[in-house]
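If you want the building blocks of each chain, they are given just below.
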Amino acid sequence: MLRIRWNIIYLQLVLVPTVAAFITSPSKRTAIFPSARETEMRAGSISRLRMSKDDSEQLTSALARIDKEFQLTVRSSKRPTGGLAGWTKLFLDPSESESGEAENGNGNENEEFVYLLEPPSNPSIVISFIGGAGLGQFPHIAYSEFLSRISKRLNAAIIAAPYPVSLNHFELSKMTGEALRRGLIQCENNAGFAYPQSLPHFFLSHSLGGKLLAIALAASGVRDLAGIGLMSYNNFGFKDTLSMVKSFADDFDNGDGDGDGNGFGAQAGFGGQPQSAMFDQVLEFAGQTVDMLGFEFTPSPEDMDRIVNMKYGTDLQKKTRLFVFDEDNLDSSDGFLKATDNGPSVSSLRGKHLSPVFIKLGVDDLDIPDEYRQFASDATNGFQSASFGDEEAMNLAVDAVYDWILGKDPPSPAMLSGDEISA
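Residues numbered from 1 in each chain as written. Predicted model: local features only at pLDDT ≥ 70, side-chain atom pairs only at ≥ 80, totals over all residues. Heavy atoms only, no water.

**Regarding the sheet that holds strand 11 (residues 320-325)**
Two orientations exist for strands paired in a sheet by backbone hydrogen bonds: parallel and antiparallel. Rules: Two strands are counted as paired when DSSP detects at least two bridges linking them. A run of H or I in DSSP counts as a helix once it spans at least four residues, and a run of E counts as a strand once it spans at least two, with each numbered from the N terminus. Whenever a helix is involved, its axis is fitted only over the stretch in contact; in every case the axis is a line through C-alpha atoms, and angles between N-to-C directions fall within 0 to 180 degrees.
The strand order across the open sheet built from nine strands is 4-5-6-8-7-9-10-11-12, with neighbouring strands paired in mixed fashion. Among the strands making up the open sheet, the edge pair consists of strand 4 (75-77) and strand 12 (345-349). Each adjacent strand pair in this sheet contributes to an overall mean axis angle of 25°, direction not counted. One ladder, built from three bridges, connects strand 4 with strand 5 (residues 86-91); its direction is parallel. Paired with Arg75 across the bridge in strand 5 is Thr88.

**Observations regarding the pairing of strand 6 (residues 113-118)**
Short version of the rule: For each residue, the accessible area found with a 1.4 Å probe, counting protein chains only, is set against the maximum for its type, and the residue is called buried under 20%, exposed over 50%, and partly exposed in between.
Within strand 6, six of the six residues are buried, which leaves it mostly tucked inside the rest of the structure. Covered by surrounding structure in strand 6 are Phe113, Tyr115 and Leu117 together with Val114, Leu116 and Glu118, the residues of both alternating faces. Inspection of the sheet shows strand 5 paired to strand 6 by six bridges, in the antiparallel sense. Paired with Lys89 across the bridge in strand 6 is Tyr115. Here strand 6 pairs with strand 8 (residues 156-160) via three bridges, running antiparallel. By the bridge assignment for strand 8, Tyr115 is matched with Ala160.

**Remarks on the confidence of the model for the protein**
So the rule is basically this: The pLDDT value tells you how sure the predictor is about a given residue, anywhere from 0 up to 100. A contact between two residues is defined here by any heavy atoms of the two lying within 4.5 Å.
In the predicted model, the protein carries a mean pLDDT of 74, and the fraction of residues at 70 or more is 58%. Across residues 20-61 the pLDDT falls below 50, and counting only partners more than four positions away or on other chains, this stretch makes 86 contacts in the model. Below pLDDT 50 for its whole length, residues 254-273 participates in 46 contacts with residues either more than four positions away or in separate chains.

**Points about the packing of helix 6 (residues 169-190) against helix 7 (residues 208-220)**
Inclusion rule: By definition in this entry, angles of less than 35 degrees are roughly parallel, angles greater than 145 are roughly antiparallel, angles of 65 to 115 are roughly perpendicular, and the rest are oblique. Three residue categories are used. Nonpolar comprises Ala, Val, Leu, Ile, Met, Phe, Trp, Tyr, Cys and Pro, charged comprises Asp, Glu, Lys and Arg, and polar comprises the others, including Gly.
Where helix 6 contacts helix 7, the axes come no closer than 8 Å and their chain directions differ by 75°. The orientation of helix 6 relative to helix 7 falls into the category roughly perpendicular. Contact with helix 6, carried on its side by His169, Phe170, Leu172, Ser173 and Thr176, involves Leu208, Lys211, Leu212, Ile215 and Ala216 of helix 7 and no other residues of that element. Here the contact of helix 6 with helix 7 is built from residues that sort into six nonpolar, three polar and one charged.

**Structural notes on helix 6**
Inclusion rule: Every helix has an expected span of 1.5 Å times one less than the residues it contains. Polar contacts here mean pairs of N or O atoms no more than 3.5 Å apart (in protein, one a potential hydrogen donor and the other a potential acceptor; neighbouring residues in sequence count only if both atoms are side-chain atoms).
Under the 1.5 Å per step criterion, the end-to-end length of helix 6 is 31 Å for 22 residues, consistent within 8% with the ideal 32 Å. The opening residue of helix 6, the one whose side-chain oxygen lies 3.2 Å from the backbone nitrogen of Phe170, is Asn168.

**So, the environment of Lys360**
Tracing the backbone through its elements, the reader meets Lys360 in strand 13 (residues 359-362). Under the relative-accessibility criterion, Lys360 is labelled partly exposed at 44%.

**Here's the deal with helix 14 (residues 391-405)**
Every α-helical turn comprises 3.6 residues, leaving residues that sit three or four positions apart pointing alike. For clarity, the threshold we go by: Think of it as the arc spanned by the lines of direction from the helix axis to the C-beta atoms.
Relative to the 21 Å expected for 15 residues at 1.5 Å per residue, helix 14 spans 21 Å between its end C-alpha atoms, a close match to the ideal helical length. Among all positions in helix 14, only Ala393, Met394, Ala397, Val398, Ala400, Val401, Trp404 and Ile405 are buried. Considered in projection along helix 14, the buried side chains sweep an arc of 160° and stay on one side of the axis. The residue sitting at the N-terminus of helix 14 and contributing the capping side-chain oxygen is Asp390; that oxygen lies 3.1 Å from the backbone nitrogen of Glu392. Gly407, located one to two residues past helix 14, shows a positive phi value of around 90°.

**With respect to the side chain of Ser173**
Looking at where Ser173 falls in the secondary structure, it is placed in helix 6. Not counting chain neighbours up to four residues away, the residues in contact with Ser173 comprise Leu212, Ile215 and Ala216.

**Some thoughts on the pairing of strand 11**
For strand 11, a buried count of six out of six residues is recorded, marking the element as mostly surrounded by other parts of the structure. Alternating positions in strand 11 separate into two faces, Thr320, Leu322 and Val324 on one and Arg321, Phe323 and Phe325 on the other, with burial throughout. Summarising the sheet, strand 10 (residues 227-231) and strand 11 pair through four bridges and their orientation is parallel. Within the sheet, the bridge partner assigned to Met231 lies in strand 11 and is Phe323.

**Some details on the packing of helix 5 (residues 144-154) against helix 14**
Heads up, the condition is: Throughout, a crossing is termed right-handed when the near helix is turned clockwise from the far one, and left-handed when it is turned anticlockwise from it by less than a right angle.
Helix 14 packs onto helix 5 with a crossing angle of 40° between their chain directions and a minimal axis gap of 10 Å. With respect to each other, helix 5 and helix 14 are oriented oblique. Both helix 5 and helix 14 take part in a crossing whose hand is right-handed. Residues Glu145, Phe146, Arg149, Ile150, Arg153 and Leu154 of helix 5 form the contact with helix 14, whose participating residues are Glu391, Met394, Asn395, Ala397, Val398, Asp399, Val401, Tyr402 and Ile405. Along the lines of polarity and charge, the residues of the contact of helix 5 with helix 14 split into nine nonpolar, one polar and five charged.

**Details of the packing of aromatic side chains**
Cut-off, in case you're wondering: Aromatic contacts are taken between Phe, Tyr and Trp rings whose centres are within 6.5 Å, Trp giving its six-membered ring; a plane angle under 30 degrees counts as stacked, one over 60 as edge-to-face, and the others as tilted.
A full pass over the atoms with the stated rule returns nine aromatic pairs. A centroid spacing of 5.3 Å and a plane angle of 75° characterise the contact between Phe113 and Tyr115, whose relative ring orientation is edge-to-face. Here the two residues Phe113 and Tyr115 agree in accessibility, since each one is buried. Where Phe323 meets Trp404, the ring centres are 5.7 Å apart and the plane angle is 80°; that geometry is what we call edge-to-face. Linking Phe323 in strand 11 with Trp404 in helix 14, this pair joins segments that are 81 residues apart in sequence. Among the residues examined, Phe323 registers a relative accessible area of 0% and is labelled buried.

This is the structure:
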């Protein structure tokens, strides 16, 4: 099974759109990437992003194209299906929003929604999920294997809130937190027999989703919850994020993560350049742009640590479990622990930052229109199936979440600030 060239997909999803939008329209720094709804509406078109005056490339999101096919067959409803396992696109009732009306206008195509993953029988628990930057825009694809295995083992209903890429993490936190709240209320109101308010309610997040979740919980003072899981918690500054993308890309370029050394470093990228060379050029360009414009996430890493220290109270800390992978260079759990005086518990795991992400794509299993078959062939280099990620590492993450929700203590000693993770 071939592994997808993930550095290119990550480039398409996050890095180039972010930098290009700031260069072309600095006044729009807080809304720099189309929302999940906008992406869905435009997935059939080709997005052109000018990397310089003399060099532009057609960059399209591979996940957006997969999502387009998903949207053709996915169930959509304003209520849970009641016993039909799998994903449902759950349109949110405008009357449950803070303003009492849909934020994006009227009409089905502009309705707000979450993705609801249901077990085959009435759920035993509900898990609200927020994914990482870029990937979190497509939780039903990027995290489907991870969440589906959790759902199956725990008989859990999972509500996942998609969100766009933006520097304004306050707004993203408000958006996702409100969507999860409304999604849960809608399940309780429209299928109360299957979703009684007495069901245990957990929060789970990955990467940037952990920061968004922590902001929402600190601001709302929500206490009626069973547990909070922050996996690969990330609170990097924008420039730090760029600096780490290189090592992340090299990891999958030179050795795809499974130890066999069969990476994609020699494969050609856009414009005939080797992928690694093209990626290095874009990162260098992005770093120079960041230095020149001096922009940063809101809140900044320092401000976020203060928010956690001042607003993420003891009750929340006692219910929080940090999941830390031993080879994760994008993890900020150490700072979270310092800000909370080591209040949360910690599960130390084998793996990397994207260990929860495992994507399997069977080309023959997709009903792909003729105009998209060339993309499928290109994405898999002619193979009939492709995958990204380390399935074994993902299963270890599933095991850790399963044990945590069942109330088990972490198998390894908690990672104190500055300590190395136990083997």
